[in-house]
Amino acid sequence: MAKQSSLWLTLTLTLALAATGCSSSSKNDVPDEAPEVLYQDARERLQAGNYIRAAELLEAMDSRYPFGAYSNQVQLDLIYAYYKQDDTVRALANIDRFIRLNPNHPSVDYARYMRGLTNMSADYNFFQNLFNIDRADRDPTYARQAFADFRQLLRQHPDSVYAADAKARMISLKNRLARYDLAVANYYVKRKAWLAAANRAKFVVETYPDTEQLKPALEIMEQAYNKLGLTEMANHAKAVLKANYPAG
């Protein structure tokens, strides 16, 4: 455990120093050039993966030419630049701003899609995956919001080019959320809080019946109801379990 903590601290400091170095090296003032020149430079930086400098150029354009010919595209590119930097706060702020100011823009579906991606990315924790730590019991706030974002995209833009990917990501998010609620149910089982365990397992069954968590949730329901002396409800959970998993 001490070795892992030391490795964690070392890696954290290394990344922090690297980020500081990148930031200080890219603080050059944005030149006073024509918007088309600045935008071309920003696009080249984006394509090269230099998201920090690209964002600086785009921010300057957004400030200097808020109603220019590149205005909307600058905002969309800024969203992408922030997303690629894992800057959740600024990415979401710019997404909400774009949607609010351009509700009928042809690329508003892209903005909604990026909102889902940004929240989904925020749910991903680099360090926990790096150290192979189970993420099932992590706070699912960002995952729930990402699911809601993709659902809104599909409702308002069912024919969007991003619809298929949004559907696929919703399946992944649904399993993530089901694992979280099942982890909570198991937490209650370990503490013999049988009523709380039964209620959370029931929530999994009712909310995520098409996930792999259905079977263990039904098993928890059966166990918890038996512990509570609710024989009829336990038998019902057992019957549903056998109907869905006859071989198991």
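Structure first, text after, so check above.
Residues numbered from 1 in each chain as written. Predicted model: local features only at pLDDT ≥ 70, side-chain atom pairs only at ≥ 80, totals over all residues. Heavy atoms only, no water.

1. Points about the side chain of Asn119
So, point 1. With respect to the helices, strands and loops of the structure, Asn119 is situated in helix α6 (residues 108-123).
So, point 2. Polar side-chain contacts of Asn119 include one of 2.7 Å to the side chain of Asp149. (Helix = DSSP H or I, 4+ residues; strand = E, 2+ residues; numbered from the N terminus. Polar contact = N/O pair within 3.5 Å; in protein donor to acceptor, adjacent residues only side chain to side chain.)

2. Digging into helix α10 (residues 194-207)
It helps to recall that an α-helix has 3.6 residues per turn; residues three or four apart then point in one direction.
So, point 1. Compared with an ideal rise of 1.5 Å per residue, which puts 14 residues at 20 Å, α10 spans 20 Å between its outermost C-alpha atoms and is within 8% of the ideal.
So, point 2. Every buried residue of α10 is listed here: Trp194, Ala197, Ala198, Ala201, Val204 and Val205. Along the long axis of α10, the arc covered by the buried residues comes to 120 degrees, so they all point the same way. Across α10 from its buried face, at more than 90 degrees, point the exposed residues Leu195 and Glu206. (Expected span 1.5 Å × (residues − 1). Buried < 20%, exposed > 50% of the residue type's maximum accessible area, 1.4 Å probe, protein only. Arc of directions from axis to C-beta.)

3. Remarks on the side chain of Asp181
So, point 1. Mapped onto the elements of the fold, Asp181 is located in helix α9 (residues 163-190).
So, point 2. Look at Asp181 and you get buried, because its relative accessible area is 1%.
So, point 3. When neighbours within four sequence positions are excluded, Asp181 is seen to be in contact with Arg144, Arg200, Phe203, Val204 and Tyr208. (Contact = heavy atoms within 4.5 Å.)

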